[in-house]
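Architecture at a glance
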Amino acid sequence: VQLQASGGGLVHTGGSLRLSCAASGRTFSRYAMGWFRQAPGKEREFVAAISRSGGSTNYADSVKGRFTISRDNAKNTVYLQMNSLKPEDTAVYYCAANFVLAPAIATTVGREYDYWGQGTQVTVSS
């Protein structure tokens, strides 16, 4: 599986961005998907995850109520809608794919993911 993230950019505090992650291959629906981010000088952290069917989601406490993860299996794409952005959301955002058999799994653990995209920069100015 190859993942291509896009949609990053520069926004002001309170603004919105929608990230997309397009996956290659015909087995997209077999993967739970996640978004992670890494700010300069910091470790990579979990942001959001969604199960294979989209029925289960998980969010980091720092983004709950502001970010929404979704997926379109027909388009092999996962999205991250980011609203009410804050300067502390500034980071490179990565999408990742986790091959799972259980349909409701949406893991928050980065090392459980099998494939990673190249990242897209999100910068929020104050």
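Look up a bit, the structure's there.
Reading guide: rules and limits
Residues numbered from 1 in each chain as written. Predicted model: local features only at pLDDT ≥ 70, side-chain atom pairs only at ≥ 80, totals over all residues. Heavy atoms only, no water. Phe/Tyr/Trp six-rings, centres within 6.5 Å; stacked < 30°, edge-to-face > 60°. Lys NZ or Arg CZ within 6 Å of the ring centre and 35° of its normal. Pairing = 2+ DSSP bridges. Helix = DSSP H or I, 4+ residues; strand = E, 2+ residues; numbered from the N terminus. Axes fitted to C-alpha atoms, helices over the stretch in contact; angles between N-to-C directions. Disulfide = S-S within 2.5 Å. Buried < 20%, exposed > 50% of the residue type's maximum accessible area, 1.4 Å probe, protein only.

Right, let's talk about the packing of aromatic side chains for a bit. Two aromatic rings are characterised by how far apart their centres lie and by the angle between their planes. Per the counting criterion, the structure on display carries 6 aromatic pairs. An aromatic cluster is built from F36, F46, Y113 and W116, whose rings are joined through pairwise contacts. Here the basic side chain of R18 rests over the ring of Y79, its NZ or CZ set 3.9 Å away from the ring centre. When the ring centre of F36 is taken as reference, the NZ or CZ atom of R44 above it lies at 5.7 Å.

All right, on to the sheet that holds strand β8 (residues 77–82) then. Strand order in the open sheet formed by 4 strands is β1-β3-β8-β7, with antiparallel pairing between adjacent strands. Two strands lie at the open edges of the sheet, namely β1 (3–6) and β7 (67–72), each paired on one side alone. Taken over all neighbouring pairs, the strand axes of this sheet differ in orientation by 15° on average, direction set aside. Taken together, the 6 bridges between strand β3 (residues 17–23) and β8 define a ladder with antiparallel strand orientation.

Tallied over the entire structure, the rule returns 1 disulfide. Across the disulfide from C21 sits C95; the S-S distance is 2.1 Å. On the sign convention where negative means left-handed, the S-S torsion of about 60° between C21 and C95 marks this disulfide as right-handed. Taken together, the residues C21 in strand β3 and C95 in strand β9 (residues 91–99) connect sequence positions 74 residues apart. Summarising the burial analysis for this pair, C21 and C95 share the class buried.

Geometry only, nothing functional implied.
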